[in-house]
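# Coordinate analysis (summary)
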Protein chains: 2
Amino acid sequence: MISQTAEYALRAIVYLGNQAGEACTTAQLAGEIDAPPSYLAKVMKGLGRAGIVGSRRGLHGGFTLSRDPNDVTLLEVVNAVDAFHRIRNCPLGRLAHQSGLCPLHRRMDDVMAAAEKSLQRTTIGELLEEPGLLCTVPCIAEPVVLESEAAL
Amino acid sequence: MISQTAEYALRAIVYLGNQAGEACTTAQLAGEIDAPPSYLAKVMKGLGRAGIVGSRRGLHGGFTLSRDPNDVTLLEVVNAVDAFHRIRNCPLGRLAHQSGLCPLHRRMDDVMAAAEKSLQRTTIGELLEEPGLLCTVPCIAEPVVLESEAAL
DNA sequence: GCAATTATAGATGTAAAGGTCCGTTTATCC
DNA sequence: GGATAAACGGACCTTTACATCTATAATTGC
């Protein structure tokens, strides 16, 4: 549902939203949100095409949020890089189900619909205003050493 | 979220649930639920290991539901073949978020949690009792000709 | 016991998602 | 204008999900 690509996109947008208009290069961003730099470049391209971020080339260039964070929903970000899929027709192509899915797929799509709506309800702005630290903004933060590793 | 593999598994279980104990071979099943036979064989193995279906080899063998359909949840079926993933720790491994996710991942996991719960609430039995035709039980059903194809 | 039928196991192939690399273009600084 | 720093575009590689194939083991009917 949320691909790795969408994860990167969301992290990047949240980070940019916190930067108050300061341009941020792909390399910087990649470091901050812990994404592979060259792949992130691709993801940012997608966000640019969708009009969510703007970009400037050359020295002191980089990416900025091009819209009000309160106006950008999580769903928009996800859809920009990796479209969210609802079940619109019977996956088996049954004629009898052209209008109206069977009970199974009705439920499945209900789940999808709820997820979609939930992503649409939340804006980047809301996340920025919430008290908790954003994990794209590490303060005291250090990489976690897992118990399994620590035991070695 | 729901992989192709999970789709096949759910279709198969729904179909078997409707067969009232009659054993069904992989080849038969594959035809009915429109899944690649040799791949379905693998999927069924997974369902067998999870104890959801039982199998018999040899002539007149095949698969049967090994439990009461009212007792098998959609989530169980999905988990049997392709575990459902929640966000339990900060994906960036931030120490500051070992207990409690950041606002972004809190939302993301909320979406997952809702989906998980929704899948857990519904049983195979409920689907079988619903009025609509199951699309794994084609009656009048013929493959749909899409408008885009019909226009050619 | 033999032939047919079926699940089981595992090796292999294919397609899509995830990820890297490099040359080109645009902008800035000196 | 030359050097540098960035996004851009596209070719390429890698990993994983999806799918196929073949051989083996269990079961049945004769």
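In the block above lies the structure referred to throughout.
Note that the structure is a prediction, hence the values are computed from the model and not measured.

## As for the overall build of chain A
- In terms of regular secondary structure, chain A is built from seven helices and two strands.
- Element order for chain A, N to C, with α for helix and β for strand: α-α-α-β-β-α-α-α-α.
- Out of the 152 residues in chain A, the part that is buried amounts to 43%.
- Across chain A, every contact between residues at least 6 apart in sequence was considered, and the portion connecting residues at least 24 apart equals 64%.
- Entry remark: accessible area of chain A is about 7,900 Å², with carbon and sulfur atoms responsible for 50%.

## As for the packing of aromatic side chains
Residue and element names in this part refer to chain A.
- Per the stated rule, a full pass over the model turns up two aromatic pairs over all chains.
- When the centroid spacing of 6.1 Å and the interplanar angle of 75° are considered together, the rings of Tyr-8 and Tyr-39 count as edge-to-face. Of the two residues, Tyr-8 is situated in helix H1 (residues 4–17) and Tyr-39 in helix H3 (residues 37–49); the sequence distance between them amounts to 31 residues.
- Since its relative accessible area comes to 33%, Tyr-39 is described here as partly exposed.

## Here's the deal with the layout of surface pockets
- Of the voids in this model, the largest pocket is the one considered here, and its volume is about 320 Å³.
- As for the largest pocket, its lining consists of 17 residues, of which Met-1, Ile-2 and Ser-3 of chain A together with His-85 and Met-112 of chain B are closest to the centre.
- No other element matches H1 of chain A, which puts three residues into the lining of the largest pocket.
- Among the residues forming the lining of the largest pocket, the class breakdown is nine nonpolar, four polar and four charged.

## So, the protein's contact with DNA strand D
- Neighbouring DNA strand D are 25 residues, the closest being Ser-55 and Leu-59 of chain A together with Thr-5, Pro-36 and Arg-56 of chain B.
- Within 4 Å of the protein, the atoms of DNA strand D are drawn from sugar and phosphate moieties in a proportion of 75%.
- In this structure, Thr-5 of chain B approaches DNA strand D through a side-chain N or O atom, which is 2.7 Å from a phosphate oxygen.
- One of the side-chain nitrogen or oxygen atoms of Tyr-8 of chain B is found 3.0 Å away from a phosphate oxygen of DNA strand D.
- Elements supplying a minimum of two residues to the surface near DNA strand D: H3, strand S1 (53–56) and strand S2 (62–65) of chain A together with helix H1 (4–17) and helix H3 (37–49) of chain B.
- Across the surface near DNA strand D, the residue classes tally to seven nonpolar, eleven polar and seven charged.

## Focus on the protein's contact with DNA strand C
- As a structural note, the neighbourhood of DNA strand C is formed by 25 residues, with Pro-36, Lys-42 and Arg-56 of chain A together with Ser-55 and Leu-59 of chain B the closest of them.
- A breakdown of the atoms of DNA strand C within 4 Å of the protein gives sugar and phosphate a share of 74%.
- In the environment of DNA strand C, a phosphate oxygen lies 3.5 Å from a nitrogen or oxygen atom belonging to the side chain of Ser-38 of chain A.
- Interatomic distance of 2.5 Å between a side-chain N/O atom of Lys-42 of chain A and a base oxygen of DNA strand C.
- Secondary structure elements with two or more residues in the surface near DNA strand C: H1 and H3 of chain A together with H3, strand S1 (53–56) and strand S2 (62–65) of chain B.
- Counted by class, the surface near DNA strand C contains seven nonpolar, eleven polar and seven charged residues.

## Describing the side chain of Thr-73 of chain A
All names here are of chain A.
- Looking at the secondary structure, you find Thr-73 in the loop between S2 and helix H4 (74–81).
- Residue classification places Thr-73 among the buried positions, given a relative accessible area of 13%.
- Discounting residues that sit within four places of it in the chain, Thr-73 has contacts with Leu-119, Gln-120, Thr-122 and Thr-123.

## With respect to the environment of Thr-123 of chain A
Residues and elements named next belong to chain A.
- Note that Thr-123 resides in the loop between helix H5 (103–121) and helix H6 (124–129).
- Dropping the residues within four chain positions of it, Thr-123 is found in contact with Pro-69, Asn-70, Val-72 and Thr-73.
- In terms of polar contacts, Thr-123 uses its side chain to reach the backbone amide nitrogen of Glu-126, at 3.2 Å.

## Here we look at the pattern of salt bridges
- Under the defined criterion, the tally for this structure stands at 14 salt bridges over all chains.
- The salt bridge involving Arg-86 of chain A is made with Asp-109 of chain A; its shortest N-O contact spans 2.8 Å. With a gap of 23 residues between them, Arg-86 of chain A in the loop between H4 and H5 and Asp-109 of chain A in helix H5 connect regions that are remote in the sequence.
- Where Glu-126 of chain A meets Arg-107 of chain B, a salt bridge forms, and the shortest distance between an N and an O atom there is 3.8 Å. Placement of Glu-126 of chain A in helix H6 and of Arg-107 of chain B in helix H5 (residues 103–121) is noted, with the two residues assigned to different chains.
- For Arg-107 of chain B, a relative accessible area of 21% translates into the label partly exposed.
- When salt bridges that share partners are traced, they join Arg-86, Arg-106, Asp-109, Asp-110 and Glu-116 of chain A into one network.

## What about H4 of chain A?
- When H4 of chain A is considered as a whole, its buried residues turn out to be Leu-74, Leu-75, Val-77 and Val-78 of chain A. Taken around the axis of H4 of chain A, the buried residues stretch over an arc of 160°, which confines them to a single face.

## Notes on unusual backbone geometry
- The residue Ala-20 of chain A is not glycine, and still its phi comes out positive at about 50°.
- Residue His-60 of chain A is not a glycine yet carries a positive backbone phi of 65°.

What counts and how
- Residues numbered from 1 in each chain as written.
- Chains lettered and ligands numbered in written order.
- Predicted model: local features only at pLDDT ≥ 70, side-chain atom pairs only at ≥ 80, totals over all residues.
- Heavy atoms only, no water.
- Helix = DSSP H or I, 4+ residues; strand = E, 2+ residues; numbered from the N terminus.
- Buried < 20%, exposed > 50% of the residue type's maximum accessible area, 1.4 Å probe, protein only.
- Contact = heavy atoms within 4.5 Å.
- Areas by Shrake-Rupley, 256 points an atom, 1.4 Å probe, with all protein chains shown as cover.
- Phe/Tyr/Trp six-rings, centres within 6.5 Å; stacked < 30°, edge-to-face > 60°.
- 1 Å grid on protein atoms, 1.4 Å probe; cavity = no way out; pocket = protein on both sides within 12 Å on 5 of 7 lines; lining within 4 Å.
- Points joined across faces, edges and corners; volume = space filled by probe spheres on them.
- Nonpolar A, V, L, I, M, F, W, Y, C, P; charged D, E, K, R; others polar.
- Near = heavy atom within 4 Å.
- Polar contact = N/O pair within 3.5 Å; in protein donor to acceptor, adjacent residues only side chain to side chain.
- Salt bridge = Lys/Arg side-chain N within 4 Å of Asp/Glu carboxyl O.
- Arc of directions from axis to C-beta.

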